[in-house]
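Chains, contacts and geometry: an overview
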Amino acid sequence: FNDRIVGMSFAVVPHEAWYVPCDERSTPEYAGLLRPLFEDETIAKIGQNIKFDLMVLRRIGLAVRGPKYDTMILHYLLDPESRHNMDALAMRYLNYRPISITSLIGKGARQLTMDMISLERVAEYAAEDADVTLRLKQVLWPKVE
């Protein structure tokens, strides 16, 4: 509940994604610019553990409307006994190894926060995350249907 937004990543078609950084001082304007996208009921929203994203967005005043797909839940419905984290799903369904979060921010006592990482590295990680999540939804949703 203490996390703050340092940026968001978006993917619309496979292998294309964007990262939009945000600093703490501009969060209200950032939310205002993104409001039409998140409140548009015709645009599907896709995430990995999307419940967390929805809570963070609600804290900055963004209501997320429209169809929502959570790749973690989709996979749970297909295979409840397996691991559901994005790295495991990417390897299993896309034969792809994404940038690991620990390679970016470390772990344990020396773990950094995203705002301490260079914009270029965060952008690469976050855009890849959006792209992989979109591609996982495209693989998993038809299996669930």
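Relevant structure appears above.
First, a word on what this report is: a plain description of the structure on this page. Here the structure is a predicted model, which means the values were calculated and not measured.

Right, let's talk about helix 2 (residues 50-59) for a bit. Within helix 2, burial applies to Ile50, Leu54, Val56 and Leu57. Each buried residue of helix 2 lies within a common arc of 165° when the element is viewed along its axis, so the set occupies one face. In this structure, helix 2 carries Lys51 and Arg58 as exposed residues pointing more than 90 degrees from its buried face. Trailing helix 2 by a residue or two, Gly61 shows a phi angle of about 90°, which is positive.

It is worth spelling out a nonpolar patch on the surface at this point. The grouping of Val12, Val13 and Trp18 at the surface amounts to a nonpolar patch, some 300 Å² of accessible area in total. With respect to the helices and strands, Val13 occurs in the loop between strand 1 (7-11) and strand 2 (17-21). Note on Val13: relative accessible area 37%, which makes it partly exposed.

Each regular strand shows side chains that alternate between the opposite faces of the sheet. Of the two faces of strand 1, only one is covered, namely that formed by Met8 and Phe10; the face formed by Gly7, Ser9 and Ala11 stays uncovered. Between strand 1 and strand 2, which pair antiparallel in sequence order, lie 5 residues; one of them, His15, sits at a positive phi of approximately 70°.

Another aspect to go through is the nonpolar core. Soluble globular proteins tend to bury their nonpolar side chains together. If you look at the biggest cluster of nonpolar residues, it comprises 14 residues, and the most contacted ones within it are Ile5, Met8, Tyr30, Leu34, Phe38, Leu57 and Leu62. Contributions of two or more residues to this core are made by strand 1, helix 1 (27-39) and helix 2.

As a further point, take the side chain of Glu128. Considering the arrangement of structural elements, one finds Glu128 in helix 6 (residues 119-144). Buried charge Glu128 goes without a salt bridge, the closest partner of opposite sign being Arg135 at 6.7 Å.

Moving on to the pattern of salt bridges. Scanning all chains against the criterion turns up 5 salt bridges. With its nearest N and O atoms 2.4 Å apart, the salt bridge here joins Arg4 to Asp115. Of this pair, Arg4 sits in the segment before strand 1 while Asp115 sits in the loop between helix 5 (101-105) and helix 6, and the two are 111 residues apart along the sequence. On the basis of relative accessibility, which here comes to 37%, the residue Arg4 falls in the partly exposed class.

Its location among the elements puts Ala130 in helix 6. The sequence separation of Ala130 and Gly47 amounts to 83 residues, and the corresponding C-alpha distance is 7.7 Å. In contact with Ala130, other than residues within four places in its own chain, are Ser9, Phe10, Ala11 and Ala17.

Pairing between strand 1 and strand 2: 5 bridges, direction antiparallel. Counted as the bridge partner of Gly7 is Pro21 from strand 2.

In the contact formed by helix 3 (residues 71-78) and helix 6, the axes pass within 9 Å of each other and the chain directions differ by 35°. In this structure, the crossing between helix 3 and helix 6 has a hand that is left-handed. Contact with helix 3, carried on its side by Thr71, Leu74, His75, Leu77 and Leu78, involves Thr133, Leu136, Lys137, Leu140, Trp141, Lys143 and Val144 of helix 6 and no other residues of that element. Here the contact of helix 3 with helix 6 is built from residues that sort into 7 nonpolar, 3 polar and 2 charged.

Scoring rules and cut-offs
Residues numbered from 1 in each chain as written. Predicted model: local features only at pLDDT ≥ 70, side-chain atom pairs only at ≥ 80, totals over all residues. Heavy atoms only, no water. Buried < 20%, exposed > 50% of the residue type's maximum accessible area, 1.4 Å probe, protein only. Helix = DSSP H or I, 4+ residues; strand = E, 2+ residues; numbered from the N terminus. Arc of directions from axis to C-beta. Patch = residues over 30% accessible without salt bridge, like charges linked within 9 Å, V, L, I, M, F, W, Y side chains within 5 Å. Areas by Shrake-Rupley, 256 points an atom, 1.4 Å probe, with all protein chains shown as cover. Salt bridge = Lys/Arg side-chain N within 4 Å of Asp/Glu carboxyl O. Pairing = 2+ DSSP bridges. Core = buried A, V, L, I, M, F, W, Y, C linked by side-chain atoms within 4.5 Å. Lys, Arg positive; Asp, Glu negative; His and termini not counted. Contact = heavy atoms within 4.5 Å. Axes fitted to C-alpha atoms, helices over the stretch in contact; angles between N-to-C directions. Left-handed = near helix turned anticlockwise from the far one by under 90°. Nonpolar A, V, L, I, M, F, W, Y, C, P; charged D, E, K, R; others polar.

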